[in-house]
Amino acid sequence: MQRLPQSSFQIINVTVIVYIICGFCHTSSSGWVEGYLPFTGSTTSAAPQQRSPHHQRITSISSNSPRATTRDQQYHFTKRKHGIIILKSQQENQQRRDIQKKNKIDASKRRRYKKHPRTERAKAIAKGRDPLLSLNINLDHLAKSGRAVHAEELLVKIEKLHSEGYYTIRPDSVSYNSVINAYALNESPNYDSVKEVERLLRRMEALKEQGCSSVQPTVVTLNTVAATFAKNGQPEKARQLLNDMEALYQSGSTDMGPNTITYNSVICAFAKAKRPHEAEEILKQMMIVSRQDDGKRSDEIKADSIAFNTVLHAWAVAGVRGAPQRAQQLLEHMIKLYNSGNEDVKPDVFSYTATLSAWAAAKNDPNAADRALELLYRMESECAVGNKDVCPNTVAYTAVINSLGRSGRPGAALKAYDILVDMERKYRQGNEDLKPDLISYSSVIDAFARSGEEYAGEKALELLDHMITLAEEGHEEYGPNTQVYCSVISALGKSQARGSADAANQLVLDMEKMYAFGNTDVAPNTIIFNAAIDAWARSSFVFKASKAQSLLEKMEDEVEAGNIMYKPDIITYNSVISACANSFGDAEVKSRAFGIAINAFKRIQLASDIMPSCRTYFLLLKAIRKLVSSQKEKENMAAKIIAYCVRDGLFNEHVLSQLIMTWSSRRTILDILKKLGYEGQNVTDIETYPRSWRQNSNRE
């Protein structure tokens, strides 16, 4: 049997479906539909003196029909089961008889097929109607439409019919590959994709051992399994499969050896697992293997741009020390290989944007923003001289904006803002690849929030208003969401400009109104309220402690009403205590602020799902130091707070610094600490304190 290759399925898919519809669905083409199409023609005999209502209806329709035929054409009445009277001409009756004759011929062919199946199947194959091909196309369709279970049910059904002798065909490797691909492509809570493809692979191997030569794993099968491992975060299984395929190749089964797709799948598996070192090791192995046997395997295994880009992506998302530097080295190596004549590794926009993303994610690197800008300028230069494959796009520009925002350098946020303006200008000039998106705008707002510049809040509000205007003009994709509002509120709070806390509070009220009217994209939550409370804590407003408490009480009221989106966390309570600790004014204001701080700490102690942090005790000691006037009372309260801190293992250098500033003498501090178990003498050295005091000091 000559079988069409798997790659031909998509090409002939439409042809086979058309055959199925046209070859087996016999519908009337006589031009009428019983009971509904108007009748044509007129009667040939003289009209009787008394006519039945049906005859009158027919005559009326016939006389008005534009398709009236000659007078000598004869008509016949036919009654259907439901009593509908229709009219058919001799010509139409002849067409009906022709169809019936054809149906008899088709029935005769089917009977002959049962007697001589191989002969008739050969004729069907010659006409492009291979039953196995039809099966595989149906399986492929089910796979691509997300119906993996249905695909396997069809496969099992055909296997059973074959084993019972009803079908001469049985599913082959292509059939199994389609079902495996169905499980690989589609995720469902009803099954584990990895377990399903492994089970089907074992079934194929068992059938092969039983002597079924048409069902055995192929390189396509194993590549699909490797891709499933990669998709489901199991890189070790993917690497083991790669090693098994390499062993098969070395043992003589050259058609089962790994190829470029195999290696790229394994590299992708390690990239998704954020293991860039292993991903790069597979890339190096790929390059070595491709040069083995005097380059005989270079056609099957090529370390191409896809492989390099996947490794670059792995470094970009890994978040490990030295990641951006290594990504930059790999990019430079790609450029070197390409310039030496290797067309397969030509860097493209994905190569550059992955490297830019690595620099954007860099932490504690003061040069990250500069390196990102240099890379962007290089892309623009290459694009200007005709290398369109590296023309920067929205993702590239946004990565540079993020890099600038994270740098925290003076003026970096304004530089990010200028880049956004440049994107808008180039987009208006016709560059569709530089259309700013929601992430672009939110990244610039976040840059202002990180900057802490005095103008940051004003510029963030300006961008927010611009986004709202764009959304109102019909560009709904620019409609700000909760995250955008949170960045604006943070920018207002950190700017500490006069009136910024009021503006932040107003944004929260605006969000609540919009959410009440159905805009779920701006649903207020704990993070929003935390940012607003922090804005009050940083403000110069005299009664900021009361404002912070009002927001906390509102959150607690919402939680009591069943709205868990408002549930306070340790950041909420710490922000309230911070507002109290930074309060100033007369004795009454300070006393009220201190009461709010102590009340917030009590709520933390009573909460079963909230644990204090080092910052909690640092802020409490600061509140005691600044708000309590009596030195004796101040030291007594501080001693109690330190006892709680030591119990929770949250004693660190910041808490110690507040402790030292609270007491009047170090002798007094030493006496208090010795009562808690301190045996050292140098109270300023954090390393002299028991480890149990500091065991939870890394708690966020």
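Residues numbered from 1 in each chain as written. Predicted model: local features only at pLDDT ≥ 70, side-chain atom pairs only at ≥ 80, totals over all residues. Heavy atoms only, no water.

### Quick look at unusual backbone geometry
A positive phi angle, near 55°, is found at K274, a position not held by glycine. By the secondary structure assignment, K274 is in the loop between α11 (260–272) and α12 (276–290). (Helix = DSSP H or I, 4+ residues; strand = E, 2+ residues; numbered from the N terminus.)

### Some remarks on the layout of surface pockets
Estimates place the volume of the second largest pocket at around 600 Å³. For the lining of the second largest pocket, the secondary-structure elements that each account for two or more residues are α16 (349–360), α18 (394–407), α20 (438–451), α22 (482–495) and α24 (526–538). If you tally residues by element for the lining of the second largest pocket, the top one is α22, at nine residues. Of the residues assigned to the lining of the second largest pocket, the class counts are twelve nonpolar, twelve polar and six charged. (1 Å grid on protein atoms, 1.4 Å probe; cavity = no way out; pocket = protein on both sides within 12 Å on 5 of 7 lines; lining within 4 Å. Points joined across faces, edges and corners; volume = space filled by probe spheres on them. Nonpolar A, V, L, I, M, F, W, Y, C, P; charged D, E, K, R; others polar.)

### Description of α18
Its 14 residues place the ends of α18 20 Å apart at the C-alpha level, agreeing with the 20 Å of an ideal helix rising 1.5 Å per residue. Judged by how many residues are buried, α18 sits mostly within the fold: ten of 14 residues are covered. The N-terminus of α18 is capped by N393, whose side-chain oxygen sits 3.2 Å from the backbone nitrogen of V395. (Expected span 1.5 Å × (residues − 1). Buried < 20%, exposed > 50% of the residue type's maximum accessible area, 1.4 Å probe, protein only. Polar contact = N/O pair within 3.5 Å; in protein donor to acceptor, adjacent residues only side chain to side chain.)

### Structural notes on the state of the cysteines
Within the structure shown, the criterion is met by one disulfide. Across the disulfide from C383 sits C391; the S-S distance is 2.0 Å. Where C383 bonds to C391 through sulfur, the torsion about that S-S bond is close to 80°, and the disulfide is right-handed. (Disulfide = S-S within 2.5 Å.)

### Structural notes on the pattern of salt bridges
Using the criterion set out here, one finds 24 salt bridges in the structure. A salt bridge links E236 to R275, with the shortest nitrogen-to-oxygen separation between them at 2.7 Å. One end of the pair, E236, is in helix α10 (residues 235–250); the other, R275, is in the loop between α11 and α12, and 39 residues separate them in sequence. A relative accessible area of 41% places E236 in the partly exposed class. The partner of D446 in a salt bridge is R450, and the shortest N-O contact between them spans 2.8 Å. Of this pair, D446 and R450 both sit in helix α20, four residues apart, which is roughly one turn of the helix. (Salt bridge = Lys/Arg side-chain N within 4 Å of Asp/Glu carboxyl O.)

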